[in-house]
Amino acid sequence: MKTTGAAEYAADFHFDRMVHAVPVISSIASGAFVSSIPSAAEQMPGVLLGAATTENIGPLYRTVPGDDNATNSEVRSAFEDDVVRHWGQHAL
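**Q** Quick one: what's the story with the overall build of the protein chain, residue by residue and with numbers?
**A** Broken down by element type, the protein chain carries 1 helix and 2 strands. Reading the helices (α) and strands (β) of the protein chain from amino to carboxyl end gives β-α-β. Taking all 92 residues of the protein chain together, the buried fraction comes to 10%. When contacts within the protein chain are restricted to residue pairs at least 6 apart in sequence, long-range pairs at least 24 apart make up 57% of them. Working note: accessible area of the protein chain is about 7800 Å², and carbon and sulfur atoms make up 58% of it.

Written as structure tokens, this is what we have:
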């Protein structure tokens, strides 16, 4: 179905009032975040809900070890700390 164009993907569905999240990724391979300015992002045209940072979100929960139905592509969850471990890591 993929090769014929008949497969449907999440991006093929559009709902009224649907919004999208856009992650900010790290442009460095190693380091630490020293500050963020969510207010700058929140003032941009089209931003509806604001910017999530380590300072304004609640606790994070990891998948349960041994649960075959749960997956996590990173050992460290986004927003867990201020350490940059690799280029392209979700930063904010």
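**Q** Could you give an account of the environment of P38, naming the residues involved and the relevant values?
**A** Turning to its location among the elements, P38 is positioned in helix α1 (residues 38–42). For the pair P38 and N56, spaced 18 residues apart in sequence, the C-alpha to C-alpha distance is 9.6 Å. Once residues within four sequence positions are removed from consideration, P38 is found in contact with A51 and T53.

**Q** For a nonpolar patch on the surface, give the residues involved together with the corresponding values.
**A** On the surface, a cluster of nonpolar side chains totalling about 300 Å² of accessible area is made up of F13, F15 and M18. Note on placement: M18 falls in the segment before β1 (31–32).

**Q** Please set out unusual backbone geometry residue by residue, giving values where relevant.
**A** When glycine is set aside, most residues are seen to have a negative phi, and most peptide bonds are trans. Positioned with a positive phi, R17 is a non-glycine residue whose angle comes to about 60 degrees. Examined against the element boundaries, R17 turns out to sit in the segment before β1.

**Q** For the environment of E80, give the residues involved together with the corresponding values.
**A** Mapped onto the elements, E80 comes out in the loop between α1 and β2 (83–84). Residue classification places E80 among the partly exposed residues on the basis of a relative accessible area of 36%. Separated by 26 residues in sequence, E80 and T54 place their C-alpha atoms 7.1 Å apart.

**Q** How would you sum up the confidence of the model for the protein chain? Please name residues and give values.
**A** Regions with low pLDDT should not have their predicted coordinates read in detail. Looking at the protein chain as a whole, the pLDDT averages 77, with 76% of positions reaching at least 70. At the level of individual helices and strands, the protein chain shows its lowest average pLDDT in α1, which scores 75, and its highest in β1, which scores 86.

**Q** Any chance you could break down the side chain of Q89 for me, citing the residues and the numbers?
**A** One can find Q89 in the segment after β2. Engagement of the side chain of Q89 in a polar contact is seen with the backbone oxygen of V83, the distance being 3.0 Å. Within polar-contact distance, the side chain of Q89 engages the backbone nitrogen of R85 at 2.7 Å.

Thresholds applied
- Residues numbered from 1 in each chain as written.
- Predicted model: local features only at pLDDT ≥ 70, side-chain atom pairs only at ≥ 80, totals over all residues.
- Heavy atoms only, no water.
- Helix = DSSP H or I, 4+ residues; strand = E, 2+ residues; numbered from the N terminus.
- Buried < 20%, exposed > 50% of the residue type's maximum accessible area, 1.4 Å probe, protein only.
- Contact = heavy atoms within 4.5 Å.
- Areas by Shrake-Rupley, 256 points an atom, 1.4 Å probe, with all protein chains shown as cover.
- Patch = residues over 30% accessible without salt bridge, like charges linked within 9 Å, V, L, I, M, F, W, Y side chains within 5 Å.
- Salt bridge = Lys/Arg side-chain N within 4 Å of Asp/Glu carboxyl O.
- pLDDT = per-residue confidence, 0-100.
- Polar contact = N/O pair within 3.5 Å; in protein donor to acceptor, adjacent residues only side chain to side chain.

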